[in-house]
Amino acid sequence: MAKYIAAIDQGTTSTRCILFDHQKPVAIAQKEHRQIFPRPGWVEHDPVEIWQRTQEVVVEAMQRAGATAPDIAAVGITNQRETTLAWDRETGRPYHNAIVWQDTRTQGICDALAREGGVDRFRECVGLPLATYFSATKLRWMLDHVTGLREEAAAGRALFGTVDAWLLWNLTGGHVTDVTNASRTMLMDLRTLQWDEAMLRAFDVPRSMLPQIAASSHPDAFGRTKRDGPFGGEIQVCGVLGDQQAALVGQACFDPGEAKNTYGTGCFMLLNTGEQVVQSKAGLVTTLAYQRAGQPARYALEGSIAVTGALVQWLRDNLGIIRSSGEIEALAASVPDNGGVYIVPAFSGLFAPHWRPDARGTIVGLTAFSTRAHLARAALEAAAFQTADVLAAMRSDSGVDLASLKVDGGMAANGLLMQFQADVLGIPVVRPRVSETTALGAAYAAGLAVGFWKEVDELRDNWIVDRTWQPQFSAQRREQLHATWLRAVERSFGWM
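Here's what I pulled together on the structure shown here. These numbers come from a predicted model, not from an experiment.

## Quick word on the overall build of the chain
Phase 1 of the analysis: In terms of helices and strands, the chain carries 16 helices and 20 strands.
Phase 2 of the analysis: For the chain, the spread of C-alpha atoms along the three principal axes comes to 60 × 50 × 45 Å.
Phase 3 of the analysis: Expressed as a percentage of the 496 residues in the chain, the buried residues total 62%.
Phase 4 of the analysis: A separation of at least 24 residues holds for 72% of the contacts in the chain among residues at least 6 apart in sequence.
Phase 5 of the analysis: For the chain, the exposed area adds up to about 18,300 Å²; of that, 49% sits on carbon and sulfur atoms.

Structural data, given as structure tokens:
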């Protein structure tokens, strides 16, 4: 009898494979891939390298668990969203490097489309503002600039997909995506869950390039792994979710009004709105939360922050303030506060709730008293302040006052940051015992489809608190600090 669910978690900086039993992870393998920066503001990944790393971590995780294909009940996939790929359906050769979600090269396309109807001209249909963040502008750029791609697309040979579709194509031979990833392209109608003809015309994208859209948790929509693939046998792929939606599922946020925040390269807060499509008026995006086969889709409001963990990496790699990311907590804790220093990490503009592509990174409040410890503390606090901005927008749009915030991701291990987050939000911050919530959500989606877990109540029972941080600031101090942060944010506007 199958003992495990295998989850592939393909992220912005690395790829992991985790095998889960009914309660916990039993084997983990992880490998990084290159970040390619051809020009300022351009960010790319090598699709072939991503597939190679995926194969390596699958094989390694299987070996560590002593598992073979019959031990795996199903496979789930979660992935960095919006990152855009195009490949030859006959050879599998990518036409270009993947254009990563952070990439800003398509601002001119966004500006041209926004001249008629503004940045929100498509929001009613797709739930998203015109921004370089989403996939459609990246695909349009490829069609306009990659030699021969538009002709190959017209001939029905070129395929488009986000990273989930690329991995599925290599694992199973099928050309499929799920509703959560499709909702990040700007090409899918939120209500019909189908590619929208008007959007395809607006972005000049041939329909023949697009994958089939399926429910996130489905027993047979995604195909079976190839016998000669990394799993060494045929296993049904039954779950696919964009990484932030996967974390929402992994945090067992199945009811409307439940929210989670993931601290990774960027920071992403999602609020479950149930079957209701809530259009944001406060700078958030409306997105698919998840869908189980045969059931209505569930929706979410999302606040996407471009740079949080990436700011810590920048302090390490570009400034040399720390040697490893793990050093930042002790360095930041060596001073009692930020010394008046604020960092606004608008390296590629600001995402939610400001949506200012003209913003650029700023450090304000420097004096002769400032040290690298103050910079380290300001970097951590930037993640918390940006999250506070998003939560305020969520309250405005939904009318929901959260009783607590569930957190996950690499930076959730940082106790100093989590305490400051509780302080500036004024609500408890709660971290679960199983921190691998993104991969766990993909595993849950796959496992529910094949009965490995029977119902969501079983998944709620699996969710166990590891630690809770209670807010300690007075309302006056919280408001004063946040007001100063907003002044710093204003200083970042208008640089480009």
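## Considering the environment of Ala252
Phase 1 of the analysis: Mapped onto the elements, Ala252 comes out in the loop between α9 (243-250) and β12 (259-263).
Phase 2 of the analysis: With 204 residues separating them along the chain, Ala252 and Val456 place their C-alpha atoms 7.8 Å apart.
Phase 3 of the analysis: Excluding residues within four positions of it along the chain, Ala252 makes contact with Glu258, Lys406, Leu459, Arg460 and Trp463.

## Observations regarding the pattern of salt bridges
Phase 1 of the analysis: A complete count under the given rule lists 37 salt bridges for this structure.
Phase 2 of the analysis: Here Arg105 makes a salt bridge to Glu44, at a shortest N to O gap of 2.9 Å. Separated by 61 residues along the polypeptide, Arg105 in the loop between β7 (98-99) and α2 (107-114) and Glu44 in strand β4 (residues 44-45) bring together distant segments of the chain. Each of the two residues, Arg105 as well as Glu44, counts as buried.
Phase 3 of the analysis: Here Asp358 makes a salt bridge to Arg356, at a shortest N to O gap of 2.8 Å.

## A look at the packing of aromatic side chains
Phase 1 of the analysis: All told, the structure shown has 19 aromatic pairs when counted by the stated rule.
Phase 2 of the analysis: Following the ring pairs from residue to residue traces out a cluster consisting of Trp101, Tyr133, Phe134, Phe268, Phe351 and Trp355.
Phase 3 of the analysis: The side chain of Arg105 reaches across the aromatic face of Trp141, ending 4.6 Å from its centre.
Phase 4 of the analysis: Above the plane of the ring of Phe493 lies Arg356, whose end atom (NZ or CZ) is 4.1 Å from the centre.

## A word on the sheet that holds strand β18 (residues 405-408)
Phase 1 of the analysis: What the seven strands build is an open sheet, ordered β14-β15-β13-β12-β18-β19-β20; its pairing is mixed. The open sheet has two edge strands with one neighbour each: β14 (285-290) and β20 (465-469). Each adjacent strand pair in this sheet contributes to an overall mean axis angle of 30°, direction not counted.
Phase 2 of the analysis: Looking at chain direction, strand β13 (residues 267-274) and strand β15 (residues 298-305) are connected through seven bridges and run antiparallel. Following the sheet pairing, Leu271 is matched in β15 by Leu301.

## Focus on the environment of Glu124
Phase 1 of the analysis: Looking at the element boundaries, Glu124 is found in helix α3 (residues 123-126).
Phase 2 of the analysis: Between the C-alpha atoms of Glu124 and Ala153, which are 29 residues apart in sequence, the distance is 28 Å.
Phase 3 of the analysis: Here Glu124 is in contact with Arg191 and Gln279, once residues within four sequence places are set aside.

## Notes on the packing of helix α1 (residues 47-65) against helix α6 (residues 163-172)
Phase 1 of the analysis: Where α1 meets α6, the closest approach of the two axes is 11 Å, and the angle between their N-to-C directions is 60°. In terms of orientation, α1 and α6 fall into the oblique class. For the pair α1 and α6, the sense of crossing is right-handed. Contacts between α1 and α6 involve Pro47, Val48, Ile50, Trp51 and Thr54 from the first element and Trp166, Leu167, Asn170 and Leu171 from the second.
Phase 2 of the analysis: For the contact of α1 with α6, the class distribution of residues is seven nonpolar, two polar and no charged.

## Remarks on the packing of α9 against helix α14 (residues 437-450)
Phase 1 of the analysis: Relative to each other, α9 and α14 sit at 80°, their axes nearing to 7 Å. When the interaxial angle is binned, α9 and α14 end up roughly perpendicular. Side by side, α9 and α14 meet where Asp243, Ala246, Ala247, Val249 and Gly250 of the first sit next to Thr437, Thr438, Leu440, Gly441, Ala442 and Tyr444 of the second.
Phase 2 of the analysis: Looking at the contact of α9 with α14 residue by residue, the class counts come to six nonpolar, four polar and one charged.

## Quick word on the side chain of Thr172
Phase 1 of the analysis: Within the element layout of this structure, Thr172 appears in helix α6.
Phase 2 of the analysis: For Thr172, a relative accessible area of 17% translates into the label buried.
Phase 3 of the analysis: Polar side-chain contacts of Thr172 include one of 3.1 Å to the backbone nitrogen of Gly174.
Phase 4 of the analysis: Once residues within four sequence positions are removed from consideration, Thr172 is found in contact with Phe222, Gly223, Arg224, Thr225, Lys226 and Val237.

Definitions and limits used
- Residues numbered from 1 in each chain as written.
- Predicted model: local features only at pLDDT ≥ 70, side-chain atom pairs only at ≥ 80, totals over all residues.
- Heavy atoms only, no water.
- Helix = DSSP H or I, 4+ residues; strand = E, 2+ residues; numbered from the N terminus.
- Buried < 20%, exposed > 50% of the residue type's maximum accessible area, 1.4 Å probe, protein only.
- Contact = heavy atoms within 4.5 Å.
- Areas by Shrake-Rupley, 256 points an atom, 1.4 Å probe, with all protein chains shown as cover.
- Salt bridge = Lys/Arg side-chain N within 4 Å of Asp/Glu carboxyl O.
- Phe/Tyr/Trp six-rings, centres within 6.5 Å; stacked < 30°, edge-to-face > 60°.
- Lys NZ or Arg CZ within 6 Å of the ring centre and 35° of its normal.
- Pairing = 2+ DSSP bridges.
- Axes fitted to C-alpha atoms, helices over the stretch in contact; angles between N-to-C directions.
- Parallel < 35°, antiparallel > 145°, perpendicular 65-115°, else oblique.
- Left-handed = near helix turned anticlockwise from the far one by under 90°.
- Nonpolar A, V, L, I, M, F, W, Y, C, P; charged D, E, K, R; others polar.
- Polar contact = N/O pair within 3.5 Å; in protein donor to acceptor, adjacent residues only side chain to side chain.

Read these as spatial facts, not as claims about activity.
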